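Single-letter residue listing:
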Amino acid sequence: MATPSPAPNALAQEPIEYDYEGLAPGTSLGANLAAGAFAGIMEHTVMYPVDAIKVTRLQVISPSPGAVYNSMGNAAARMFQREGLRSMWRGVNSVILGAGPAHAVYFATYEGAKELLGATSSTEHHILETATAGALATMASDALMNPFDVVKQRLQLHDSTYRGSIDCAATMYRTEGLRSFFISYPATICMTIPFAAIQFAAYDSFSKIFNPSGSYDPLKHSIVGGLAGSLGAVLTNPLDVVKTLLQTRGSSPDPRIRSCNGLWDATKLVYQLEGYRGFGRGMIPRTVNIAPSTAICWMSYEMARHYLIKSPE
């Protein structure tokens, strides 16, 4: 007797499984945009007070007399005592407005570039490819984020007189022109391109070492993200000092800083004022900020991406 043939749709009814490292077809861009936006907002809002201490209290060159501090603890205590708890959150709304879209672009560009460069293997190390993808991602996201970051840093300053983000942006545009929002962009990408290249390459390689199965593991994602971010923070701190000087120059009491006119001018000025030690300003608080920030960012991104993977019905 002939064996009955399977129903035409029997195979189609079997569930299709997708590797966590690769999103289901048709959902990749949207899932990465949403996951990236979620990761960016989580990263910046949770660690915002530490960023405020790093930028406004320990990294600014030639600060006003009331803003001279000798440690993170000293800066945090004096901010709380003299300016209140709210001072640690000034400008956070500017970051939230920019971080979501910027990080959506960041991770979507990274995933797309990594796929185009053939760095999708879950077992092989692709240091050059992931570094290149990270560099492309940060160029795209920083172009969007830079104006929001400038406003945020102006509001974080010790003697900031702006009433809020809108007042700050309007005043900057009226007194310094549109260029003030982007003058630090060359310094920003000079810092963030190597930072992103180091971070993404390290994250990809460390993940293959600490999580070779590629499974969803929030603890491992956090640890690997924190390690990758710390490495990038230490190696790129000198450029971050230069970027901060350019972004806060309009509010500086030092006329030499106010007249600083670009990346090279700022680099020379930091050396003239403080020597090589000036490029190490804020390194410890920056690393203390970035390690948990990148841990939160990668954990949030992987979590959102994990729950956004949907197998087609």
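Residues numbered from 1 in each chain as written. Predicted model: local features only at pLDDT ≥ 70, side-chain atom pairs only at ≥ 80, totals over all residues. Heavy atoms only, no water.

Under the annotation held in an unreviewed UniProt entry, the protein chain carries the name Mitochondrial thiamine pyrophosphate carrier 1 and is attributed to Byssochlamys spectabilis. Recorded in UniProt for the protein chain, the comment headed Subcellular location (unreviewed entry) runs: "Mitochondrion membrane". (UniProt positions renumbered as here; feature names shortened; annotations may be inferred.)

## Describing the pattern of salt bridges
Evaluated as defined, the whole model comprises 10 salt bridges. Three or more residues are tied together by salt bridges with common partners; here these are Asp149, Lys152, Asp240, Lys243 and Arg286. (Salt bridge = Lys/Arg side-chain N within 4 Å of Asp/Glu carboxyl O.)

## Observations concerning empty space enclosed by the protein
Here the idea is plain: a probe the size of a water molecule rolls over the atoms and shows the empty space left. Tallied over the full model, the rule gives three cavities of 30 Å³ or more. Of the volumes computed, that of the largest cavity is approximately 700 Å³. Along the walls of the largest cavity sit 31 residues, with Glu43, His44, His103, Thr192 and Lys243 positioned nearest its centre. Going through the elements one at a time, helix H1 (28-46), helix H2 (48-58), helix H4 (92-116), helix H5 (127-156), helix H7 (185-210), helix H8 (218-247) and helix H11 (283-308) are the ones with two or more residues in the lining of the largest cavity. Split into classes, the residues belonging to the lining of the largest cavity amount to 10 nonpolar, 12 polar and nine charged. Taken as a whole, the second largest cavity holds about 90 Å³ of empty space. Lining the second largest cavity are 12 residues, and of these Val60, Pro63, Ser64, Leu157 and Asp159 lie nearest its centre. (1 Å grid on protein atoms, 1.4 Å probe; cavity = no way out; pocket = protein on both sides within 12 Å on 5 of 7 lines; lining within 4 Å. Points joined across faces, edges and corners; volume = space filled by probe spheres on them. Helix = DSSP H or I, 4+ residues; strand = E, 2+ residues; numbered from the N terminus. Nonpolar A, V, L, I, M, F, W, Y, C, P; charged D, E, K, R; others polar.)

## A word on the packing of H5 against H7
Two quantities define a packed helix pair, namely the angle between the axes and the distance from one axis to the other. In contact at an axis separation of 7 Å, H5 and H7 are set at 140° when each is read in the N-to-C sense. Relative to H7, the element H5 lies oblique. Between H5 and H7 the crossing geometry is right-handed. Listed contacts from H7 to Ile127, Thr130, Ala131, Gly134, Ala135, Thr138, Met139, Asp142, Ala143 and Asn146 of H5 are Tyr185, Thr188, Ile189, Thr192, Ile193, Ala196, Ala197, Phe200, Ala201, Asp204 and Ser205. Residues belonging to the contact of H5 with H7 are distributed by class as follows: 12 nonpolar, seven polar and two charged. (Axes fitted to C-alpha atoms, helices over the stretch in contact; angles between N-to-C directions. Parallel < 35°, antiparallel > 145°, perpendicular 65-115°, else oblique. Left-handed = near helix turned anticlockwise from the far one by under 90°. Contact = heavy atoms within 4.5 Å.)

## Considering the nonpolar core
As a rule of thumb, soluble globular proteins bury nonpolar side chains together. Residues Tyr106, Phe107, Tyr110, Phe200, Trp298 and Tyr301 are the most contacted members of the largest nonpolar core, which totals 18 residues. When residues of this core are traced back to their parent elements, those giving at least two are H1, H4, H5, H7, H8 and H11. In contact with tryptophan 298, other than residues within four places in its own chain, are Phe107, Tyr110, Gln199, Phe200, Tyr203, His221 and Gly225. (Core = buried A, V, L, I, M, F, W, Y, C linked by side-chain atoms within 4.5 Å. Buried < 20%, exposed > 50% of the residue type's maximum accessible area, 1.4 Å probe, protein only.)

## Remarks on the confidence of the model for the protein chain
Per-residue confidence for the protein chain averages 80 on the pLDDT scale, and 85% of its residues sit at or above 70. When the criterion is pLDDT under 50, residues 7-27 qualifies, and its contacts beyond four places in sequence or with other chains add up to 21 contacts. (pLDDT = per-residue confidence, 0-100.)

## Some details on a nonpolar patch on the surface
On the surface, a nonpolar cluster with roughly 490 Å² of combined accessible area is contributed by Ile209, Phe210, Leu219, Ile223 and Leu227. Looking at the nonpolar patch, the element that brings in the most residues is H8, giving three residues. Along the chain, the position of leucine 227 falls in helix H8. (Patch = residues over 30% accessible without salt bridge, like charges linked within 9 Å, V, L, I, M, F, W, Y side chains within 5 Å. Areas by Shrake-Rupley, 256 points an atom, 1.4 Å probe, with all protein chains shown as cover.)

## Things to note about helix H10 (residues 263-274)
Counted at 1.5 Å a residue, the expected span for H10 with its 12 residues is 16 Å, and the 17 Å between its end C-alpha atoms agrees. Residues Ala266, Leu269 and Val270 constitute the buried set of H10. Buried positions in H10, seen along its axis, are confined to an arc of 105° and lie on one side of it. Seen from the open side of H10, the exposed residues pointing more than 90 degrees away from its buried face are Trp264 and Gln272. Looking at the buried side of H10, the elements it contacts are H8 and helix H9 (255-258). Of the residues flanking the end of H10, it is glycine 275, one or two places downstream, whose phi is positive at about 70°. (Expected span 1.5 Å × (residues − 1). Arc of directions from axis to C-beta.)

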